[in-house]
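# Structural overview for review
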Amino acid sequence: MLKSVLIVDEMHPSIVPLLENEGYKVDYEPQITAGEVLDRVADYSGLVVRSKLVINKLFLEKCVKLEFIARAGAGMDQIDVKAAESKGIYLLNAPEGNQDALAEHSIAMLLTLFNNLLVGDAQIRSKVWDREGNRGYELKGKTVAIIGFGHMGDAFARRLTSFGCKVIAYDKFKRGFSNMRVEEASMMEVYVEADIVSLNVPLTAETRQMVNAEFIERFQKPIWLLNTSRGEVVVLRDLLGGLKSGKIRGAALDVLENEKLHSFTPEQESIFGELAQMKNVLFSPHVAGWSFESYERINQVLVEKIRKLKLKETKTPSTSL
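Residues numbered from 1 in each chain as written. Predicted model: local features only at pLDDT ≥ 70, side-chain atom pairs only at ≥ 80, totals over all residues. Heavy atoms only, no water.

## Some points on the UniProt feature "domain: D-isomer specific 2-hydroxyacid dehydrogenase catalytic" (unreviewed entry) in the protein
- The feature "domain: D-isomer specific 2-hydroxyacid dehydrogenase catalytic" (unreviewed entry), as given by UniProt, occupies residues 5-309 in the numbering adopted here.
- Within the segment residues 5-309, helix and strand shares are 38% and 16% respectively, and the terminal C-alpha atoms sit 14 Å apart. (UniProt positions renumbered as here; feature names shortened; annotations may be inferred. Helix = DSSP H or I, 4+ residues; strand = E, 2+ residues; numbered from the N terminus.)

Encoded structure:
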């Protein structure tokens, strides 16, 4: 009897034949509700998700047959990792699938911000020709500090070296990763040396609201801030304060604390309104890493990890596959 896999979010259509080729019966139901998943998950050996579900202890109690949860992306912040591992459920994600898309998007955001491209474009459309007012900065010679040096940070570092940047990186959980592209650094070195700070950390209890007023104040030079990780890592109120004081020269934000723009609290509405009027702030709608190519490549990475999981002779729960 074939084992069954439930897919609960929109995926590139290649996911179904890829899983079927590995011997699974696949139910592709991107319109399914969270409540319906809870009612049916006991029947499945595998679950493929993006962001629809919050997988907590209550949910996991229903997963009596579940062998793996595959997250079509990098972040695992909506999954209770410890609870899943305690039940012997493998957790798979696919940062390798969208690392190149995220790295390229990060470069695009920095270049757009440094060269006032949106401002200049809008002015010319209004028949304003202002060369001096749109003089840009060069990436060459800047020190870029990457905080969180996983797949995303490494892919970003590879692109930055071709621009002549000095790249330093801090990762609390890694040591000895210096190479031709990047120099391992302490946070104190980041505070002293950084011209540009890129946030590439997962969302955890420790990183939530990590970038606050105290964090910003520690930098010895004014910085440009790039966030392609999770919106909750940055306190937007304190970011706004840093922009007003000049401690932050500009910000490129692919993510926000609250990405449901029509559900802002009055305070969030006020802060966002000010940020949206600033010419040195650039937004994108959580699409770093979400290219046409990565949409399909994520499937390939996940299914390859599922294939390897099937081949394992012994099962030791891990998130490292």
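Structure shown, so let's carry the discussion forward.
## Re the packing of aromatic side chains
- Enumeration according to the criterion identifies 11 aromatic pairs in this entry.
- With a centroid separation of 5.8 Å and 75° between ring planes, the pair formed by Y191 and F215 is classed as edge-to-face. Here Y191 is found in helix α8 (residues 187-193), whereas its partner F215 is found in helix α9 (residues 213-217), with 24 residues between them in sequence. You'll find Y191 and F215 in the same group, each marked buried.
- Ring centres of F272 and F283 lie 5.4 Å apart, and the angle between their planes is 45°; this geometry places the pair in the tilted category. (Phe/Tyr/Trp six-rings, centres within 6.5 Å; stacked < 30°, edge-to-face > 60°. Buried < 20%, exposed > 50% of the residue type's maximum accessible area, 1.4 Å probe, protein only.)

## Things to note about the packing of helix α5 (residues 95-114) against helix α12 (residues 292-311)
- Orientation of α5 relative to α12, taken along the N-to-C sense of each, is 155°, at an axis distance of 7 Å. The orientation of α5 relative to α12 falls into the category roughly antiparallel. Counting all contacts with α5, which are made through P95, E96, G97, N98 and A101, the residues of α12 involved are S294, R297, I298, V301 and K305.
- Residue composition of the contact of α5 with α12, by class: 4 nonpolar, 3 polar and 3 charged. (Axes fitted to C-alpha atoms, helices over the stretch in contact; angles between N-to-C directions. Parallel < 35°, antiparallel > 145°, perpendicular 65-115°, else oblique. Contact = heavy atoms within 4.5 Å. Nonpolar A, V, L, I, M, F, W, Y, C, P; charged D, E, K, R; others polar.)

## Focus: the UniProt feature "domain: D-isomer specific 2-hydroxyacid dehydrogenase NAD-binding" (unreviewed entry) in the protein
- Under the present numbering, the feature "domain: D-isomer specific 2-hydroxyacid dehydrogenase NAD-binding" (unreviewed entry) in UniProt falls on residues 107-288.
- Along residues 107-288 one finds 34% helix and 16% strand; the C-alpha atoms at either end are 10 Å apart.

## Remarks on helix α10 (residues 236-245)
- Burial in α10 covers these residues: L236, D238, L239, L240, G242 and L243.
- In the core, the buried residues of α10 are packed alongside α9, β10 (223-227), β11 (248-253), α11 (266-276) and β12 (281-283).

## Some details on the sheet that holds strand β9 (residues 196-199)
- One open sheet accounts for 7 strands, arranged β8-β7-β6-β9-β10-β11-β12; its pairing is parallel. The strands lining the two open edges of the sheet, one partner per strand, are β8 (183-184) and β12.
- Bridge count for β10 against β11 is 5 bridges, and the pairing is parallel. Residue pairing for β11: N227 is matched across the bridge by L253. (Pairing = 2+ DSSP bridges.)

## Let's talk about the sheet that holds strand β4 (residues 68-71)
- Spatially, the 5 strands line up as an open sheet ordered β2-β1-β3-β4-β5, and their pairing is parallel. Of all the strands in the sheet, the pair left with one neighbour each is β2 (24-28) and β5 (90-92). Strand after strand, the sheet turns through a mean of 15° between neighbouring axes, direction not considered.

## Observations concerning the side chain of S106
- Secondary-structure assignment places S106 in helix α5.
- Sequence-distant contacts of S106, defined by excluding residues within four places in its chain, comprise F156, L226 and T228.

## Here's the deal with unusual backbone geometry
- If you check the backbone angles, K127 has positive phi at about 65° while not being a glycine.
- Locating K127 in the fold gives a position in the loop between α6 (117-125) and β6 (143-147).
- Its identity is not glycine, yet H286 carries a phi of approximately 55°, on the positive side.
- Turning to its location among the elements, H286 is positioned in the loop between β12 and α12.

## Notes on the nonpolar core
- Residues V190 and L239 are the most contacted members of the largest nonpolar core, which totals 34 residues.
- Listed by contribution, the elements that provide at least two residues to this core are β6, α8, β9, α9, β10, α10, β11 and α11.
- When residues in this core are grouped by element, the largest group, 4 residues, is from α10.
- Discounting residues that sit within four places of it in the chain, V190 has contacts with A145, I147, I168, Y170, A185 and F219.
- Core analysis: the next-biggest nonpolar cluster, separate from the first, contains 24 residues, L110, L113, L139 and L282 among them. (Core = buried A, V, L, I, M, F, W, Y, C linked by side-chain atoms within 4.5 Å.)

## Looking at the pattern of salt bridges
- All told, the structure shown has 19 salt bridges when counted by the stated rule.
- Among the salt bridges present, the one from D77 reaches R230, with a minimum N-O distance of 3.2 Å. Of this pair, D77 sits in the loop between β4 and α4 (81-86) while R230 sits in the loop between β10 and α10, placing them 153 residues apart in sequence.
- Notably, a salt bridge pairs D100 with R158, separated by 3.6 Å at the nearest N-O pair. A residue pair is termed long-range when its members are at least 10 positions apart, and D100 in helix α5 and R158 in helix α7 (residues 151-161) qualify at 58 residues.
- Relative accessible area serves as the criterion here: at 24%, D100 is assigned to the partly exposed category.
- Under the relative-accessibility criterion, R158 is labelled partly exposed at 31%.
- The structure contains a network of salt bridges with shared partners spanning D100, D154, R158, R159 and R181. (Salt bridge = Lys/Arg side-chain N within 4 Å of Asp/Glu carboxyl O.)

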